[in-house]
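# Structure at a glance
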Amino acid sequence: MPKMRAVQVSRPGGPLEMIEQEIPEPGYGSVRIKVQACGICHSDTLTKEGGLPGLQYPRVPGHEVVGVVDAVGSGVARWTVGQRVGVGWHGGNCGYCDACRRGDFFACQTAKHITGITSDGGYADYMIARAEALAVVPEELSAVEAAPLMCAGITTFNALRNSGARPGDLVAVLGLGGLGHLGVQFAVKMGFKTVGIARGKDKEALARKLGAGYYIDSQAADPAAELRRMGGAQVVLATVTNGDAMSAVLGGLAVNGTLMVIGAAGSLEASPLLLLSGRRKIAGWYSGTSIDSQDTLLFSVLSGVRSMNEVFPLDRVNEAYERMLSGKARFRVVLTTGN
Ligand SMILES: NC(=O)c1ccc[n+]([C@@H]2O[C@H](COP(=O)([O-])OP(=O)(O)OC[C@H]3O[C@@H](n4cnc5c(N)ncnc54)[C@H](OP(=O)(O)O)[C@@H]3O)[C@@H](O)[C@H]2O)c1
Ligand SMILES: [Zn+2]
């Protein structure tokens, strides 16, 4: 049987181990993808460290996957061998349970598929994906360019376009990591007056290069006071991995403003008086469906939004993962298979 490389975690907190295993066959409703590139998302720590209840091991992480359809299982009408596709966090749904019929695919109880979390993901030469989880990758984007858009991109794009902010509104992006640096670009291209907020001075030039008109160094100034001075933010897109950093910007929301929580971080502290006196809101957002991914890819082609990537071959996965964890990557770490 032909073999492939895969990087698996065999227990919560265990190392990323390169193994050789048989190339899997796609079952009913699924396809096999020959993986070309896979981004490393901070959420991969959930698989690596066992950060969600009920996870099963061993597991191959990776939910920013781009490749080519390599084999098609039975019952799949829409996809053919050779098509370029991407898969994100949303790994599929049953389509007929109550949650799916409401359009709330992540609440699907019948077939809960989260790529790289409840099914094996893209840190491998091949992976199996459900047909409804696939997005078409436009030819204008290389695999490395498209991969980060499958999670970092879709999440920030979707959160912003559903945030209620309108062109011209003041929108701040808190945290300039993998998600944040795309969030800044999307906010600019959607016509918002965009503020980047990060720790330290060194990210200012990068934030401005990404299009931000304003930058707040949260170590040098109180970000809430700075946002208030600018009139208050209609939306703060919080992509940081730290709850205190999110709490610290709440006071910078305008009346009717919304803190869009994206980062999966500790816990938030909010003043009820602050919220009620300005009808301010705290909302959460998760990535989206495969159609949202396609929208993200097409908007990126249209507007020139691109992830800034540091590329590592799959064999150097440990170094690549550490680079993401260190916070030093500018801005997304992407694995390539050579396929
Ligand atoms: N909601 C969703 O659907 C979704 C999707 C993907 C990821 N996520 C989550 O979003 C978060 C960001 O993911 P990512 O891949 O962009 O991570 P990343 O590239 O590692 O970036 C992490 C960001 O967190 C900030 N940060 C880290 N420690 C901090 C601290 N002590 N105080 C303030 N800021 C701190 C960094 O800010 P500086 O720029 O100031 O250094 C950096 O911008 C993670 O929690 C991830 O799990 C959620
Ligand atoms: Zn992710």
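Residues numbered from 1 in each chain as written. Chains lettered and ligands numbered in written order. Predicted model: local features only at pLDDT ≥ 70, side-chain atom pairs only at ≥ 80, totals over all residues.

### Brief notes about the site of ligand 1
As a structural note, the neighbourhood of ligand 1 is formed by 29 residues, with His42, Gly175, Gly177, Gly178 and Leu179 the closest of them. When residues of the shell around ligand 1 are traced back to their parent elements, those giving at least two are α4 (152-161) and α5 (178-189). Here the element with the most residues in the shell around ligand 1 is α5; it accounts for three residues. Taken together, the residues of the shell around ligand 1 break down into 14 nonpolar, 13 polar and two charged. Residue-level mapping places the shell around ligand 1 at the junction of two domains, with at least three residues from each of domain 1 (3-151 + 288-336) and domain 2 (154-284). (Near = placed C-beta within 6 Å. Helix = DSSP H or I, 4+ residues; strand = E, 2+ residues; numbered from the N terminus. Nonpolar A, V, L, I, M, F, W, Y, C, P; charged D, E, K, R; others polar. Domains from an automatic or database assignment.)

### Things to note about the sheet that holds strand β13 (residues 281-284)
Backbone hydrogen bonds are what pair the strands of a sheet, in a parallel or an antiparallel way. Pairing is parallel across the open sheet formed by six strands, whose spatial order is β10-β9-β8-β11-β12-β13. Only two strands of the sheet have a single partner each, and these edge strands are β10 (214-217) and β13. When the angles between neighbouring strand axes are averaged without regard to direction, this sheet yields 20°. As judged from the four bridges shared by strand β8 (residues 170-174) and strand β11 (residues 233-238), these two strands associate in the parallel manner. Paired with Val173 across the two strands is Leu237, which belongs to β11. Packing of α5 onto the sheet brings it into contact with β8, β9 (193-198) and β11, and relative to β8 it is tilted by some 170°. (Pairing = 2+ DSSP bridges. Axes fitted to C-alpha atoms, helices over the stretch in contact; angles between N-to-C directions. Contact = placed C-beta atoms within 7 Å.)

### Details of the pairing of strand β15 (residues 332-336)
With four of its five residues buried, β15 lies for the most part within the structure. One ladder, built from four bridges, connects strand β3 (residues 30-40) with β15; its direction is antiparallel. Bridging from a neighbouring strand, Gly39 pairs with Val334 of β15. When strand β14 (residues 309-313) meets β15, the two strands line up parallel, connected through five bridges. Counted as the bridge partner of Pro313 is Thr336 from β15. (Buried ≥ 20, exposed ≤ 12 C-beta atoms within 10 Å, placed from the backbone.)

### Description of the domain arrangement of the protein
The domain boundaries assigned to the protein delineate domain 1 (3-151 + 288-336) and domain 2 (154-284). For domain 1 versus domain 2, the distance between C-alpha centres works out to 27 Å. On the domain 2 side, the residues contacting the 21 residues of domain 1 number 15 residues. Counted by class, the side of domain 1 that touches domain 2 contains nine nonpolar, nine polar and three charged residues.

### A short note on α5
Over its twelve residues, α5 extends 18 Å from the first C-alpha to the last, a length consistent with the 16 Å expected when each residue adds 1.5 Å. Lining the buried residues of α5 we find α4, β8, β9, α6 (204-209), β11 and β15. With its phi angle positive at about 90°, Gly191 sits one or two positions after the end of α5. (Expected span 1.5 Å × (residues − 1).)

### As for the nonpolar core
Across soluble globular proteins, nonpolar side chains show a tendency to be buried alongside one another. Ranked by size, the top nonpolar core spans 92 residues in total, and within it Ile33, Ala172, Leu174, Val236, Leu237 and Ala238 carry the most contacts. Taken together, domain 1 (3-151 + 288-336) and domain 2 (154-284) each give at least three residues to this core, which thus spans both. Aside from chain neighbours lying at most four places away, what touches Ala172 is Val195, Ile197, Leu227, Ala233, Val236 and Val249. (Core = buried A, V, L, I, M, F, W, Y, C linked by C-beta atoms within 7 Å.)

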